[in-house]
Amino acid sequence: MTNSPVFLSETRSNCELSACGLKLNIGRQRLTEAEFESLLQKAKDCGLLDRQIKMMQGEVVNASENRQALHTSLRSEDPQAPHFQEVNITRQRMYDLARAVRNGQWLGATGKRITDVINVGIGGSEMGPHAVYHALREINPAIKLHFLSAVDGVLADRILGVLNPETTIAVISSKSFSTRETMLNAELVYDWYQSAGIQEKEQLTKHVFLVSAKETACAEMNLPEENRFPIWSWVGGRFSVWGAIGLPLVIALGPEVFAAFLYGAYEMDRHMAESREEANLPVTLALLSYWNSTHLEMGSHCLLPYDERLRLVVAWLQQLEMESLGKSIRPDGTVITTRTGQAVWGGFGNEAQHSFYQWLRDGSSRTSIDLVWCEEAGHKHAHHHLVLNANAQAQAQALVTRQTPSEVFFNAVSTIRIHRLTPETLGAFMALYEHKTTMLATLYGLNAFDQPAVEYGKKLCRELEIRLAS
Ligand code: F6P
């Protein structure tokens, strides 16, 4: 561990990288140019980019489950990408359904137009779609989305209590189709339809769709096969927003918006695969996170967007990084003794200034921080935007200085400026963090795609539920 609070910008002239409408500035990271160069060399020595490309080509990277991790195929425009055909067939079905719902050809069982969609799902089957909907909901709004995730009756009542079953579609999203919370919420939604007289198979067919890898899911839910949109074992739940898990987004925002979101992510995939390490945004984020975690021993990483639209990206990133990298055992069973993935947290930066920034700036911990803002406003209130961005830029500096002159406690800040938040730049932004996450798994020697601790908790809860119910 070093106590030197040197900024990268003190020793390196070019600290800004850009791609896909995003500008990353790393000048306030705490390392010297020589140290940064040695990180870049490490990336080259361990074949970091090559490993990512092999993942995209279908190499089995999830050793514990013997699976590929091909979320990049869900957004690829390259006909050579693995599973290109089947991905396109499913996407076309999603687009056809969404168009029919949006233009009024698809009506509810009682002949009424659909106005609302409930996403019934949790974890990766909720967080991606929720974050994207929150970011883009003003674009092309036609249908409202609601997210029934936790197994909490209050949440269910708040959603079901205000919606009309005759004008509502439910998309039950669960890769495994066995997640207890989702199955219980699905039952509640079925009861809700039944009490509105929507109970026969032909009626339910108009209102309930399943997104799952389980082939018998429709039979279990008394639905025809056409009402299931597949996700596949080769897509991890927390990487799945780009495929059928995005169905509610396609219905709510329209196929064109979703296609643009996918295209932005595909552009980031290409940037990742085609840029040398020095100019590569995901490589840079991964190396700095690795440095901050293992060398500077910063246990946590804070994401601070200065934009209402990006508020829920924090929760999405939290699952993505922490479920992927919150591990300390390598696939071969050996134990890692250094720090591994950081705890990810954060919030809307401007609100957080009045909450936890005191701790961030003057507390006795050190944190790595990504501070994000959009150069163009997503609204017409120019002065609001000016003040918000002034806050973001001021905090980028404030968070690396201290009230007390101490060389021991210091933060490391990167800034990401998004020129304009569009479906494309949002896709690129989220794909950037996906690549960061899987690259970090390579650097730590971890499997990013399993979640044994979560599975253990699920097993304990199943046992306890049986005991409590008896
Ligand atoms: O939280 C554990 C987890 O397995 C996540 O990885 C996953 O995104 C979530 O549960 C939901 O799983 P499913 O889509 O199978 O219901």
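Residues numbered from 1 in each chain as written. Predicted model: local features only at pLDDT ≥ 70, side-chain atom pairs only at ≥ 80, totals over all residues. Heavy atoms only, no water.

In the annotation of an unreviewed UniProt entry, the entry for the protein chain reads Glucose-6-phosphate isomerase, and the organism field reads Candidatus Aphodousia faecigallinarum. Under the UniProt heading Subcellular location (unreviewed entry), the note attached to the protein chain is "Cytoplasm". (UniProt positions renumbered as here; feature names shortened; annotations may be inferred.)

Caption draft 1: Structural context of the pattern of salt bridges. Overall, the coordinates contain 26 salt bridges when judged by the stated rule. The closest approach of N and O atoms between D50 and K54, which form a salt bridge, is 3.0 Å. One end of the pair, D50, and the other, K54, are both in helix α3 (residues 48–57), 4 residues apart, so they sit about a helical turn from each other. Among the ionic pairs, R417 bridges to E375, the shortest N-O distance being 3.3 Å. Remark: E375 occurs in the loop between β12 (367–374) and α16 (382–398) and R417 occurs in strand β13 (residues 412–418); sequence separation between them is 42 residues. Its relative accessible area of 17% is what places R417 among the buried residues. Among the charged side chains, a network of salt bridges with common partners joins E16, K23, E375 and R417. (Salt bridge = Lys/Arg side-chain N within 4 Å of Asp/Glu carboxyl O. Helix = DSSP H or I, 4+ residues; strand = E, 2+ residues; numbered from the N terminus. Buried < 20%, exposed > 50% of the residue type's maximum accessible area, 1.4 Å probe, protein only.)

Caption draft 2: Representation of the packing of helix α4 (residues 84–103) against helix α11 (residues 255–274). Running from N to C, α4 and α11 point in directions that differ by 145 degrees, and their axes come no closer than 10 Å. Touching R91, M94, Y95, A98, R99 and R102 of α4 are P255, E256, F258, A259 and L262, all from α11. In terms of residue class, the contact of α4 with α11 is made up of 7 nonpolar, no polar and 4 charged. (Axes fitted to C-alpha atoms, helices over the stretch in contact; angles between N-to-C directions. Contact = heavy atoms within 4.5 Å. Nonpolar A, V, L, I, M, F, W, Y, C, P; charged D, E, K, R; others polar.)

Caption draft 3: Representation of the layout of surface pockets within the structure. The volume enclosed by the largest pocket comes to roughly 960 Å³. Taken together, 40 residues make up the lining of the largest pocket; nearest its centre are S176, T179, Q451, E455 and K458. The set of elements that each furnish at least two residues to the lining of the largest pocket consists of β4 (67–68), α7 (180–195), α13 (313–325) and α18 (452–469). With 7 residues, α18 is the largest single contributor of residues to the lining of the largest pocket. Counted by class, the lining of the largest pocket contains 11 nonpolar, 18 polar and 11 charged residues. (1 Å grid on protein atoms, 1.4 Å probe; cavity = no way out; pocket = protein on both sides within 12 Å on 5 of 7 lines; lining within 4 Å. Points joined across faces, edges and corners; volume = space filled by probe spheres on them.)

Caption draft 4: Structural context of empty space enclosed by the protein. Taken as a whole and assessed by the stated rule, the structure comprises 4 cavities of 30 Å³ or more. Around the largest cavity, the lining residues are Q29, L285, L288, S289, N292, H301, S368, D370, S414 and K436. The set of elements that each furnish at least two residues to the lining of the largest cavity consists of α12 (281–295) and β12. If one sorts the elements of the lining of the largest cavity by residue count, α12 sits on top with 4 residues.

Caption draft 5: Main features of the UniProt feature "active site" (unreviewed entry) in the protein chain. Under the UniProt annotation, "active site" (unreviewed entry) lies at E323, H354 and K458. Separation in sequence by 136 residues is matched in space for these annotated residues, since their most distant C-alpha atoms are 36.4 Å apart. In the annotated group above, the largest pocket draws its lining from E323 and K458. By secondary structure assignment, the location of E323 is in helix α13. Of the residues examined, E323 reaches a relative accessible area of 21% and is grouped as partly exposed. Contact partners of E323, with chain neighbours within four places excluded, come to R238, Q318, D450, Q451 and V454. For E323, the side chain forms a polar contact with the side chain of R238, separated by 2.9 Å. (Polar contact = N/O pair within 3.5 Å; in protein donor to acceptor, adjacent residues only side chain to side chain.)

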